[in-house]
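The lines below spell out each chain.
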There are 2 protein chains.
Amino acid sequence: MESSTFGPAQLVLTASIARRYYVDGRSKVEIADEFRLSRFKVARLLDQARNSGLVRIEISHPGAIDLDLSSRLQEALGLRRAIVVDTPEEDPAALRLQLGKAAADLLSEIVTADDVLGLAWARAVTAMTEQLTSLAPVPVVQLTGALTRPDVEANSVELVRHTARLSGGPAYLFYAPLVVPDAATARALRQQPEVAEAIGHFDSVTKAVVGLGSWAAGQSTLYDAMDEKSCDQLRRRGVVADISGVFVDADGRPVHSRVTDRVVAINAAQMDAIDEVIAIPYGLAKVDAVRAAVRSGLVNGIVTHAPLAKALMDQTH
Amino acid sequence: MESSTFGPAQLVLTASIARRYYVDGRSKVEIADEFRLSRFKVARLLDQARNSGLVRIEISHPGAIDLDLSSRLQEALGLRRAIVVDTPEEDPAALRLQLGKAAADLLSEIVTADDVLGLAWARAVTAMTEQLTSLAPVPVVQLTGALTRPDVEANSVELVRHTARLSGGPAYLFYAPLVVPDAATARALRQQPEVAEAIGHFDSVTKAVVGLGSWAAGQSTLYDAMDEKSCDQLRRRGVVADISGVFVDADGRPVHSRVTDRVVAINAAQMDAIDEVIAIPYGLAKVDAVRAAVRSGLVNGIVTHAPLAKALMDQTH
DNA sequence: CGCAGGCTTGCTCATATGAGCGGAACCACC
DNA sequence: GGTGGTTCCGCTCATATGAGCAAGCCTGCG
């Protein structure tokens, strides 16, 4: 049972065979002939070698992407996509750059001419579009209003326009804030021709990149932009995450409230209808938000960094 | 061709598949079903994964034996056995202990009741017998005379007797020095009943453990025990190694000289007839001696440590 | 001595796999 | 729009492989 059961000669023989098989890629029959063994014996030695840990198979990649972690995260959370960037980077800005690059690569890879791309406003999404260098010619639809902050120059409009130019497809964009003071204003804005046209295309969006915030100060641009009262109200309703204006609780259920009506953005049902929705979360504070977003089923693709990925895996097990 | 040709999604997919196949041990058909791919596609992705270095297969062992190096050394030198102990140990005595243990394990493993074991005198062989804990009941034959040195208490006689007692088989041992001052004395010694009986068993020996020295001061107990003149004479004849009293040159050819006749030990032809002859060399100074010994075909099994093994591989390539 | 039980070995046969092929899609260039 | 090159894909068929089995073979015990 244990490897110590075997003598050194046996072990070396097994090692030789394992190398022939795994490294040199020979067939078991060839190996059997070479070593004057039956192919069954070879197969058994290889089995032993594997489950005694004598051969260790490592999945690694010279680049920044931790493929093994990516694929395990993808499976653990039941995601369509998961890209885990393995970087020691701590600085949020530099991190966004790396994640943006990975997300941009992902997007150029998975978007085909048949798709309709939806983009929400988020710093991470902006970071992605800045790294984007090529994209199939697809319509690009703005999914949310803008959240203009003094420290951020880019807005959702620029983001969409830039992407559409790169792609060569039509852009459906509009100028409106993400949250407005009351529901009536929001309704009025949604009637605006450009806004209405963009919204009209929500149903045909097949792939989207959205923002993902944890419902706490400094963890969501939307939270930081809203009045304290509304924030508290949503928190009392159990909101732990906002997905580009869609609020979800810890179980992943969308939360509807008066605040929801004041948001000019894609809603939960529309987002749910999109085939692939990708978020780019980072920072350990977002663990619960990511879990909620994934549980909701609204988000089914993630581009993130190793610490957050590991935190997600730990709690899932 | 390059892995950078693929996007992240492709890479992650490949990683997932590689893990399913190599780690989980699923069949390609199963994987193909799971991922909705043709089995051919799966096979191609796995091929890519392998030869792009995405999956790395390591052969390792928690113990002291470097299996991968062992098996590669074995193949590189065309040996029947090669055990490479991976120890950072520098101290010769401690190293002998480790090699002795490995060699002892090897011997208990490979010696069966049908064998006849031959043992030569050598510190390393003594180290091996000291570590020996079990052995099939076989006859044990002393292959060489003793080289008594003031700093070494054990002699070849004790070594053989001890092993035979452990084994439970008969011992063929004799009291005689390894080298004597002249050929006549050697001849006379060979006539001695015990010596003659042991020599009479040389032909039936199937497995032997011998000493291996580099023909230089401090690298061979035999060299150090002989007069300078004889040493020089042998060196002029091209001797680079002594295998328990058998002298070989760099090409592995046995060298016969007047000195040879003064040795009371197994000769080259008799050693050549033994199925497995194992040596336990260590120390980088012995590289050439080991190569010569292997080239001669007299020695076909080696127990050594990583630095010497690597040195042997380097020069071979 | 004889026999039961565990263990190893190599077999059969159904299934998995690889080599090589031809067709479809794509591309760049006429 | 044609055209040759290239790549990718999935097929066929011969081969490799695994599951399970039965025969040999130790080993310990009555």
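Please refer to the structure higher up on the page.
Note that this is a predicted model, so its numbers are computed, not measured.

Q: Can you explain the packing of aromatic side chains? Please cite residues and give values.
A: Each aromatic ring pair is summarised here by two numbers: the centre-to-centre distance and the angle between the ring planes. Residue and element names in this part refer to chain A. Counted by the stated rule, this structure contains six aromatic pairs over all chains. Summarising the aromatic geometry, the rings of Tyr21 and Tyr22 are spaced 5.0 Å apart at their centres and angled 85 degrees between planes, so their arrangement reads as edge-to-face. Ring plane angle 70 degrees and centroid distance 5.2 Å describe the contact between Trp215 and Phe247, whose orientation is recorded as edge-to-face. A residue pair is termed long-range when its members are at least 10 positions apart, and Trp215 in the loop between β7 (212-214) and α10 (221-225) and Phe247 in strand β9 (residues 246-249) qualify at 32 residues. Both residues of the pair, Trp215 and Phe247, belong to the buried class. Members of the aromatic cluster, each reached through a chain of ring pairs, are Trp215, Tyr223 and Phe247. Lying over the aromatic face of Tyr282, Lys286 brings its terminal NZ or CZ to 5.3 Å of the ring centre.

Q: So what's going on with the nonpolar core? Residues and values would help.
A: Nonpolar side chains tend toward joint burial in soluble globular proteins. The biggest cluster of nonpolar side chains holds 100 residues, and the ones touching the most others in it are Leu119, Met128 and Val303 of chain A together with Leu119, Met128 and Val303 of chain B. Among residues more than four places away in sequence, those in contact with Val303 of chain B are Ile83, Leu99, Ala102, Ala103, Leu106, Ile278, Ala279, Ile280 and Pro281 of chain B.

Q: I'd love a proper account of the sheet that holds strand β9 (residues 246-249) of chain B, names of residues and values included.
A: Residue and element names in this part refer to chain B. One open sheet accounts for three strands, arranged β7-β8-β9; its pairing is antiparallel. The open sheet has two edge strands with one neighbour each: β7 (212-214) and β9. Pairwise comparison of adjacent strand axes, ignoring direction, gives a mean angle of 25 degrees for this sheet. Relative to strand β8 (residues 239-243), β7 is paired through three bridges, and the arrangement is antiparallel. Bridge assignment links Ser214 to a residue of β8, and that residue is Ala241.

Q: Account for the protein's contact with DNA strand D, with residues named and values stated.
A: Taken together, Ser27, Lys28, Val29, Arg39, Phe40, Ala43 and Arg44 of chain A together with Ser38, Arg39, Phe40, Lys41 and Arg44 of chain B make up the full set of residues near DNA strand D. Here, DNA strand D places atoms within 4 Å of the protein, and 36% of those atoms are sugar or phosphate. Contact between DNA strand D and Lys28 of chain A: a phosphate oxygen at 2.6 Å from a side-chain N or O atom of the residue. Between DNA strand D and the protein, one listed contact pairs a phosphate oxygen with a side-chain N or O atom of Lys41 of chain B at 3.0 Å. Those elements that provide at least two residues to the surface near DNA strand D are α2 (28-35) and α3 (39-51) of chain A together with α3 (39-51) of chain B.

Q: Could you give me a rundown of the environment of Leu54 of chain B, with the residues and numbers involved?
A: Mapping Leu54 of chain B onto the fold places it in the loop between α3 and β1 (55-59). Taking the C-alpha atoms as reference points, Leu54 of chain B and Leu11 of chain B, 43 residues apart in sequence, are found 8.9 Å from one another. Those residues in contact with Leu54 of chain B, other than ones at most four positions away along the chain, are Glu58, Ile59, Ser60 and Leu67 of chain A together with Leu11, Ala15 and Ala49 of chain B.

Q: Please set out the pairing of strand β6 (residues 207-210) of chain A residue by residue, giving values where relevant.
A: Residues and elements named next belong to chain A. Of the two faces of β6, both are covered, the one formed by Lys207 and Val209 as well as the one formed by Ala208 and Val210. Where strand β3 (residues 117-119) and β6 come together, three bridges link them in parallel fashion. Across the sheet, the residue bridging to Gly118 is Ala208, located in β6. For β6 and strand β10 (residues 276-279), the ladder comprises four bridges, and the chain directions are parallel. Residue pairing in the sheet places Ala208 in a bridge with Val277 of β10.

Q: Describe the sheet that holds strand β8 (residues 239-243) of chain A, with residues and values.
A: All names here are of chain A. Read across the sheet, three strands follow the order β7-β8-β9 without closing on themselves; strand pairing throughout is antiparallel. The open sheet is flanked by β7 and β9, the only strands paired with a single partner. Taken over all neighbouring pairs, the strand axes of this sheet differ in orientation by 25 degrees on average, direction set aside. The pairing of β8 with β9 spans four bridges and is antiparallel. The residue of β9 that forms the bridge with Val239 is Asp249. Here helix α14 (residues 287-296) sits on the sheet and contacts β7, β8 and β9; the angle it forms with β8, its principal contact strand, is near 70 degrees.

Q: For the relation of the copies chain B and chain A, give the residues involved together with the corresponding values.
A: Note on the copies: chain B fits chain A at an RMSD of 0.1 Å, the axial shift is 0.0 Å, and the rotation between them is 180 degrees. Both copies of the chain, as the preceding transformation shows, are related through a two-fold rotation axis. Among all residues of chain B, the one whose C-alpha sits closest to the rotation axis is Ile57 of chain B, at a distance of 2.2 Å.

Reading the values: rules and limits
- Residues numbered from 1 in each chain as written.
- Chains lettered and ligands numbered in written order.
- Predicted model: local features only at pLDDT ≥ 70, side-chain atom pairs only at ≥ 80, totals over all residues.
- Heavy atoms only, no water.
- Phe/Tyr/Trp six-rings, centres within 6.5 Å; stacked < 30°, edge-to-face > 60°.
- Helix = DSSP H or I, 4+ residues; strand = E, 2+ residues; numbered from the N terminus.
- Buried < 20%, exposed > 50% of the residue type's maximum accessible area, 1.4 Å probe, protein only.
- Lys NZ or Arg CZ within 6 Å of the ring centre and 35° of its normal.
- Core = buried A, V, L, I, M, F, W, Y, C linked by side-chain atoms within 4.5 Å.
- Contact = heavy atoms within 4.5 Å.
- Pairing = 2+ DSSP bridges.
- Axes fitted to C-alpha atoms, helices over the stretch in contact; angles between N-to-C directions.
- Near = heavy atom within 4 Å.
- Polar contact = N/O pair within 3.5 Å; in protein donor to acceptor, adjacent residues only side chain to side chain.
- Least-squares fit on C-alpha atoms with pLDDT ≥ 70 in both.

Purely geometric numbers; function is a separate question.
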